[in-house]
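Spelled out from the first residue to the last, the chains are:
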Amino acid sequence: MDNPAIVTILRAMKMDSDIVIVGGGLNGPALALALAQRGFSVTVVDALPRPERGDAAFDGRSYALAMASVRLLRAIGIWDGIKDRTQPMLEIKVSDGRAGAGPLTPFSLHFDHAELEEGPMGHMCEDRVLRPAFLDAMDEVAGITTISGDAVIAQDVDAAGATLTLASGKVLRTRLIVGSDGRNSGTAQRAGIRRTGWQYGQTALVCAVTHEKPHHGIAHQFFMPPGPLAILPLPGNMSSIVWSESDATAAAFAALSDADFMGRATPPLWRFSG
Ligand SMILES: Cc1cc2nc3c(=O)[nH]c(=O)nc-3n(C[C@H](O)[C@H](O)[C@H](O)COP(=O)(O)OP(=O)(O)OC[C@H]3O[C@@H](n4cnc5c(N)ncnc54)[C@H](O)[C@@H]3O)c2cc1C
């Protein structure tokens, strides 16, 4: 924008906030809280209505929070509120093989938290615990404004800042736009940021199971030819399963009833070393 008169007008326009974050999933709120701590005013816009974003129903999604993520959550004031609902990962066992055949080689990897100074190797946390914690934390911070149920549909960057237009017709003026609107980020597309991607021909099936015996905080990774299988400990006698298969096999398993799915998903289909 070369016209000095227009630049002067743009500079004089009132900013709604220093930074507008498009997308209030996980990364958006984490950044918003960190920026607000540093004194920036932040607006977080999410297309989904608030009740849907804080939904406590379990969709099977869980996160393995590495220690760096735990340190981040602690720094932005989230950790103390959720730590009792996370499961420390005390050991990780990695092996490979074929479904039903067990390990193909005698070799495996074993990581033990006892060898680390900082404690557990990470913590497992359900999505339904983490997302509402972010929403509640943002509500409590004065420098953060949240807008739910309204999608950003246009953005325009000029010499003095940026303007965003929402589906409702609302217009936001800001110094900086941050796109954290997921893997099909419209913010990135509108900014002309291209990405490279390719298909692996694999689909990950994600679910959680309850079991009779305790998991002792042990995470298993089992590498099979069609893809890896992870069994990750959740609080109580529950585990999160992330099971990667070829697209066709995964689609067939996903169509099974819960009982039939569990029939396929339980030993002796998988046998681990160690
Ligand atoms: C079914 C499923 C299972 C998963 N399981 C796991 C797992 O077990 N472990 C793991 O580590 N990861 C898992 N993931 C991945 C994990 O959820 C993502 O990596 C993570 O959510 C990315 O966070 P994000 O903040 O970048 O984006 P997201 O969490 O995707 O948030 C993006 C947000 O942007 C909003 N948005 C989009 N467009 C607009 C717009 N135009 N205007 C305003 N808002 C907009 C969306 O409503 C959404 O809330 C899973 C994902 C899925 C879908």
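Anything mentioned here points back to the structure above.
About the cut-offs
- Residues numbered from 1 in each chain as written.
- Predicted model: local features only at pLDDT ≥ 70, side-chain atom pairs only at ≥ 80, totals over all residues.
- Heavy atoms only, no water.
- Axes fitted to C-alpha atoms, helices over the stretch in contact; angles between N-to-C directions.
- Helix = DSSP H or I, 4+ residues; strand = E, 2+ residues; numbered from the N terminus.
- Parallel < 35°, antiparallel > 145°, perpendicular 65-115°, else oblique.
- Left-handed = near helix turned anticlockwise from the far one by under 90°.
- Contact = heavy atoms within 4.5 Å.
- Buried < 20%, exposed > 50% of the residue type's maximum accessible area, 1.4 Å probe, protein only.
- Pairing = 2+ DSSP bridges.
- Core = buried A, V, L, I, M, F, W, Y, C linked by side-chain atoms within 4.5 Å.

### Some words on the packing of helix H2 (residues 27–37) against helix H6 (residues 127–140)
So, step 1. One way to put it is that H2 packs onto H6 with a least axis distance of 10 Å and a crossing angle of 30 degrees. As the angle between them shows, H2 and H6 are arranged roughly parallel. Relative to H6, the crossing made by H2 is left-handed. Counted together, Pro-29, Ala-30, Ala-32 and Leu-33 of H2 and Phe-134, Ala-137 and Met-138 of H6 form the full contact between these two elements.

### Details of the pairing of strand E16 (residues 238–246)
So, step 1. Among the nine residues that make up E16, seven are buried, leaving the element largely enclosed by the rest of the structure.
So, step 2. With nine bridges connecting them, strand E13 (residues 202–210) and E16 associate as antiparallel partners. Across the sheet, residue Gln-202 finds its bridge partner in E16, namely Ser-246.
So, step 3. As judged from the six bridges shared by strand E15 (residues 227–234) and E16, these two strands associate in the antiparallel manner. Within E16, the position partnered with Leu-234 by the bridge is Met-238.
So, step 4. Hairpin connection between E15 and E16: a loop of three residues separates the two successive antiparallel strands, and Gly-236 in this loop has a positive phi of roughly 75 degrees.

### Points about the nonpolar core
So, step 1. Formed by 27 residues in total, the largest nonpolar core has its most connected members in Leu-73, Ile-78 and Ile-82.
So, step 2. Tallying contributions element by element places H6 first for this core, with seven residues.
So, step 3. Residues within four places of Ile-78 in sequence aside, it is in contact with Leu-33, Leu-73, Ala-133, Phe-134 and Ala-137.
So, step 4. Formed by 13 residues, the second largest nonpolar core is a distinct cluster that contains Val-209, Ile-231, Trp-243 and Phe-261.

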